[in-house]
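Structural features, examined
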Amino acid sequence: MDRKNQRLLMLVVSCSMAGVVLGGTSSWAESSMCINATKVTSECLTQDPISKTMQGMSTGLLAGAGAAFGAAWQLRHEDKEQ
């Protein structure tokens, strides 16, 4: 694997991991706030906090990977223009 591919892979992995952490934390906090609310809705009671967190983590993974590829694509096109 050449140096450019290694850098792209590291960018994608690091952005994806950051997305997983942020997405999971956000979903977990949202579930906790929903359960601790003064007026609990039926949606709060029927959703499993673990599955909600996993859903947030997977969304964060995709968002992080997409952001990394978008940033790499933009940098590549900026380099070609110069």
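The shown structure was predicted, so the numbers you read here are calculated from the model rather than taken from an experiment. (Residues numbered from 1 in each chain as written. Predicted model: local features only at pLDDT ≥ 70, side-chain atom pairs only at ≥ 80, totals over all residues. Heavy atoms only, no water.)

Notes on the layout of surface pockets
Any empty space left between the atoms is revealed when a probe the size of a water molecule rolls over them. When its volume is computed, the largest pocket comes out at roughly 360 Å³. The wall of the largest pocket is formed by K4, N5, R7, L8, L11, F69, A72, W73, L75, R76 and D79. Mapped onto the lining of the largest pocket, the elements with two or more residues apiece are α1 (3–35) and α3 (49–81). Ranked by residue count, the leading element in the lining of the largest pocket is α3, at six residues. The class makeup of the residues in the lining of the largest pocket is six nonpolar, one polar and four charged. (1 Å grid on protein atoms, 1.4 Å probe; cavity = no way out; pocket = protein on both sides within 12 Å on 5 of 7 lines; lining within 4 Å. Points joined across faces, edges and corners; volume = space filled by probe spheres on them. Helix = DSSP H or I, 4+ residues; strand = E, 2+ residues; numbered from the N terminus. Nonpolar A, V, L, I, M, F, W, Y, C, P; charged D, E, K, R; others polar.)

Re the environment of L11
Locating L11 in the fold gives a position in helix α1. Through-space distance from the C-alpha of L11 to that of A72 is 8.4 Å; in sequence the pair is 61 residues apart. With near-sequence residues (within four places) excluded, L11 lies in contact with A68 and A72. (Contact = heavy atoms within 4.5 Å.)

Let's talk about α1
In an α-helix, one full turn covers 3.6 residues, which means residues spaced three or four apart are oriented alike. Taking 1.5 Å per residue as the helical rise, α1 with its 33 residues ought to reach 48 Å, and the 48 Å between its terminal C-alpha atoms agrees with that figure. All of the buried residues along α1 are V12, S16, G19, V20, G23, G24, S27 and S31. Tucked inside the fold, the buried residues of α1 contact α3. (Expected span 1.5 Å × (residues − 1). Buried < 20%, exposed > 50% of the residue type's maximum accessible area, 1.4 Å probe, protein only.)

With respect to the side chain of S27
Of note, S27 is situated in helix α1. With a relative accessible area of 9%, S27 lands in the buried category.

Remarks on the environment of D2
Here D2 is to be found in the segment before α1. A distance of 2.9 Å separates a polar atom in the side chain of D2 from a polar atom in the side chain of N5. (Polar contact = N/O pair within 3.5 Å; in protein donor to acceptor, adjacent residues only side chain to side chain.)

Spatial relationships are all this shows, so hold off on functional conclusions.
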